[in-house]
Amino acid sequence: AQPRNRMKFELFSRFDPGHAPCSDAQEFYDVLERMREAARASATAWSAHPTLQQYAGVCFWMMRRMEYGFTAGHFAKLEAERGKMRVLDAGCGVVPLCNWMSRREHDVTALEPLPDEFRFLTTSPLNEFYGSQVSYVNGRCEQLPFADSSFDVVTCVSVLERIVPGNDRWAFHEMARVLKPGG
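So, how was this worked out
- Along each chain, the written sequence defines residue order, and numbers are assigned to residues from 1.
- Since the coordinates come from a predicted model, pLDDT governs what is reported: local features require at least 70, and pairs of side-chain atoms require 80 or more to be given and counted, while whole-chain, interface and lining totals use all residues.
- For side-chain calculations, the full set of non-hydrogen atoms in the structure is used, while hydrogens and water are omitted.
- Numbering of helices and strands runs from the N terminus, with a helix taken as a DSSP run of H or I at least four residues long and a strand as a DSSP run of E at least two residues long.
- When a residue's accessible area, from a 1.4 Å probe over protein chains only, is under 20% of the maximum for its type it is buried; when over 50% it is exposed; and in between it is partly exposed.
- It only takes one pair of heavy atoms within 4.5 Å for two residues to be counted as in contact.
- Accessible surface is estimated by sampling points in the Shrake-Rupley manner with a 1.4 Å probe; for residues, cover comes only from the protein chains shown.
- Here a pair means two rings of Phe, Tyr or Trp (six-membered ring of Trp) with centres within 6.5 Å. Their orientation is stacked below 30 degrees between planes, edge-to-face above 60, and tilted elsewhere.
- Two conditions define a charge located above a ring, namely a distance within 6 Å from the ring centre to NZ of Lys or CZ of Arg, and an angle within 35 degrees of the ring normal.
- Here, strands pair whenever DSSP counts at least two bridges between them.
- The definition of a right-handed crossover adopted here requires that, viewed with the strands pointing away, the path from the first strand over the helix to the second runs clockwise.
- Joining through side-chain atoms within 4.5 Å is the link that ties buried Ala, Val, Leu, Ile, Met, Phe, Trp, Tyr and Cys residues into a set, and such a set is a nonpolar core.
- Should a side-chain nitrogen of Lys or Arg be within 4 Å of a carboxyl oxygen of Asp or Glu, the pair is scored as a salt bridge.
- Fitted lines through C-alpha atoms serve as axes, helices being fitted only where they are in contact, and the angles separating the N-to-C directions of these axes extend from 0 to 180 degrees.
- For this classification, under 35 degrees means roughly parallel, over 145 means roughly antiparallel, 65 to 115 means roughly perpendicular, and everything else is oblique.
- Working rule for handedness: look at the near helix, and if it is turned counterclockwise from the far one by less than a right angle, call the crossing left-handed; if clockwise, right-handed.
- Nonpolar residues are Ala, Val, Leu, Ile, Met, Phe, Trp, Tyr, Cys and Pro. Charged residues are Asp, Glu, Lys and Arg, and all others, Gly as well, are polar.

Along its length, the protein chain carries seven helices and four strands. Taken from the N to the C terminus, the helices and strands of the protein chain come in the order α-α-α-β-α-β-α-α-β-β-α. Taking all 183 residues of the protein chain together, the buried fraction comes to 46%. Considering only intrachain contacts with a sequence separation of at least 6, the fraction spanning at least 24 residues in the protein chain is 70%. Accessible surface computed for the protein chain: about 10100 Å², of which carbon and sulfur atoms make up 52%.

Enumeration over the complete set of coordinates arrives at six aromatic pairs. Grouped by ring-pair contacts, the aromatic residues Phe28, Tyr68, Phe75 and Trp100 constitute a single cluster. Just above the ring of Phe129 sits the side chain of Arg34; from NZ or CZ to the centre is 4.1 Å. In this structure, Arg86 is placed above the aromatic ring of Phe151, and the distance from its NZ or CZ to the ring centre is 4.4 Å.

Pairing of strand 1 (residues 86-89) with strand 2 (residues 107-112) involves four bridges; the strand directions are parallel. The residue of strand 2 that forms the bridge with Val87 is Val108. Read from strand 1 through helix 4 (residues 97-103) to strand 2, the crossover connection turns out right-handed. As paired elements, strand 1 and strand 4 (residues 153-155) share three bridges and run parallel to each other. When the bridges of strand 4 are listed, Val87 appears paired with Val153.

Looking now at the nonpolar core. Of all hydrophobic cores here, the largest spans 38 residues; its most connected members are Phe28, Leu32, Met35, Tyr55, Trp100, Met101 and Tyr136. When residues of this core are traced back to their parent elements, those giving at least two are helix 1 (23-41), helix 2 (50-58), helix 3 (62-82), helix 4, strand 2, helix 5 (115-123) and helix 6 (126-130). Examining the composition of this core, we find that eight residues originate from one element, helix 1, more than from any other. Filtering out sequence-adjacent residues up to four positions away, Tyr136 remains in contact with Cys92, Cys98, Asn99, Ala110, Phe118, Leu121, Thr122, Leu126 and Asn127. Judged by nonpolar contacts, the second largest core, of 14 residues, contains Leu111, Phe146, Phe151 and Leu179.

When the charged atoms of two side chains with opposite charge come close together, those side chains can pair. In the structure shown here, the tally under the stated rule is ten salt bridges. Among the ionic pairs, Glu27 bridges to Arg104, the shortest N-O distance being 3.0 Å. One end of the pair, Glu27, is in helix 1; the other, Arg104, is in the loop between helix 4 and strand 2, with 77 residues separating them in the sequence. Its relative accessible area of 17% is what places Arg104 among the buried residues. The partner of Arg119 in a salt bridge is Asp116, with the nearest N and O atoms 2.5 Å apart. In this pair, Arg119 and Asp116 both sit in helix 5, three residues apart, roughly one turn of the helix. Residue classification places Asp116 among the exposed residues on the basis of a relative accessible area of 53%.

Our next topic: the packing of helix 1 against helix 3. As a packed pair, helix 1 and helix 3 sit with axes 8 Å apart at the nearest point and diverge in direction by 125°. Considering the angle they form, helix 1 stands oblique to helix 3. Between helix 1 and helix 3 lies a crossing whose hand is right-handed. Each of Asp24, Ala25, Phe28, Tyr29 and Leu32 in helix 1 lies in contact with helix 3, whose residues at this interface are Arg65, Tyr68, Gly69, Ala72 and Ala76. Per-class residue counts for the contact of helix 1 with helix 3 are seven nonpolar, one polar and two charged.

Structural data, given as structure tokens:
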């Protein structure tokens, strides 16, 4: 019998607003700040995109900062253990998490379910802006277009609201399917 691939879910174990972010989290916050500055300036068509503008307004809310601080810190721990990884960001959107991971020399694929957002991501110079090499794919978490055991890490930060209600278990099944054993 083949070993069953188990997904490990990491949840917030401590909410401590006074906790100083790790240097990796600060590096990600710097990427977010760069995005926010571009959105505030609205100097280009891509920086005036409505979703980017909306996200730039909420990306530094305390809950978001804690969420991203956790994600960046945990990702850095995995990075230290495993080195260069193949990553699927199953949330994508305009959030530059995938760009931050790519800047750290990981092979990153970002999944975007919404056709209009996907068009924005693929026609805007985001990789050039962030200094990244993210591959964008249009698809849904419930039916991932990747082979079994394709990725070392699957990130899905603030993704469940983008999954059709009732399909969350199927989406998690798909994420587990594309994870390498031990991923």
